[in-house]
Amino acid sequence: MLYGFPPVLANDTRILILGSFPGEASLLATQYYAHPRNQFWRLLSELLNEPLTELTYPARLERLLTYRIGLWDVLAACQRKGSLDTAIRQAAPNDFAGLQQLAPALEKICFNGKTAGRFAPVLCAAGYQTLALPSSSPAYAALSFEQKLRAWREILHDNF
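If you're wondering where the values come from, they're calculated on a predicted model, not measured in any experiment. (Residues numbered from 1 in each chain as written. Predicted model: local features only at pLDDT ≥ 70, side-chain atom pairs only at ≥ 80, totals over all residues. Heavy atoms only, no water.)

Novice: For this particular structure, what's the right way to read the sheet that holds strand E1 (residues 2–3)?
Specialist: Paired through their backbone hydrogen bonds, the strands of a sheet run either parallel or antiparallel. Pairing is antiparallel across the open sheet formed by three strands, whose spatial order is E1-E4-E5. Where the open sheet ends on each side, the last strands, each with one partner, are E1 and strand E5 (89–93). Relative to E5, strand E4 (residues 75–79) runs antiparallel, the two sharing three bridges. Counterpart to Leu75 in the pairing with E5 is Pro93. (Pairing = 2+ DSSP bridges. Helix = DSSP H or I, 4+ residues; strand = E, 2+ residues; numbered from the N terminus.)

What follows is the structure, encoded as structure tokens:
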């Protein structure tokens with residue numbers, strides 16, 4: 001079994017971005033979105049007009065939290081060969097029941113990709129706004145960076 005990372009949250013976090021499960025590069029680095037071709041940090045850099053890609057990983061997380069944006073994954077553990085979501089087996093979801101206590105100001109949950117987006121109905125039923133986003137993964141090449149960025153701009157809609 002492979003195990004994911006703890007959530008990056010604070011009491012004042014208003015937006016949570018959920019991925020599916022860390023890829024091999026991320027697991028090896030113990031960092032969310034560590035694969036150099038994953039567009040996650042570049043998308044957020046553009047979205048927030050911040051040089052996140054130039055910062056150290058701890059500074060990136062700190063900067064996200066100042067914007068009241070948190071990170072986590074929908075899966076706590078799984079079996080998988082490689083990094084593709086289609087290879088995920090024996091998936092165990094994270095415990096979202098305690099989310100209200102971890103982040104009492106949380107309003108909006110954004111899903112990075114279709115696999116993560118499968119959890120939208122559950123979190124919508126819990127009273128959160130939800131937003132499905134095109135995956136930042138290099139494996140999802142159906143949209144250009146600019147097309148993804150247009151969709152990702154909705155993260156901040158109604159929040160800032």
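Novice: Could you clarify how one ought to interpret the packing of helix H2 (residues 40–48) against helix H3 (residues 57–66) in this entry?
Specialist: Packed helices, taken two at a time, are described by the angle their axes make and the gap between the axes. As a packed pair, H2 and H3 sit with axes 12 Å apart at the nearest point and diverge in direction by 45°. The angle between H2 and H3 places the two elements in the oblique class. Our pair here, H2 against H3, has a crossing hand that is left-handed. Residues Trp41, Leu44 and Leu48 of H2 form the contact with H3, whose participating residues are Tyr57, Arg60, Leu61 and Leu64. Tallied by class, the residues present in the contact of H2 with H3 amount to six nonpolar, no polar and one charged. (Axes fitted to C-alpha atoms, helices over the stretch in contact; angles between N-to-C directions. Parallel < 35°, antiparallel > 145°, perpendicular 65-115°, else oblique. Left-handed = near helix turned anticlockwise from the far one by under 90°. Contact = heavy atoms within 4.5 Å. Nonpolar A, V, L, I, M, F, W, Y, C, P; charged D, E, K, R; others polar.)

Novice: Would you mind showing me how to read the packing of H2 against helix H7 (residues 145–152) here?
Specialist: Relative to each other, H2 and H7 sit at 60°, their axes nearing to 10 Å. With respect to their mutual orientation, H2 and H7 come out oblique. For the crossing formed where H2 meets H7, the hand is right-handed. Contact residues: H2 offers Phe40, Arg42, Leu43, Leu44, Glu46 and Leu47, while H7 offers Phe145, Lys148, Leu149 and Trp152.

Shape is all these values report; function is a separate question.
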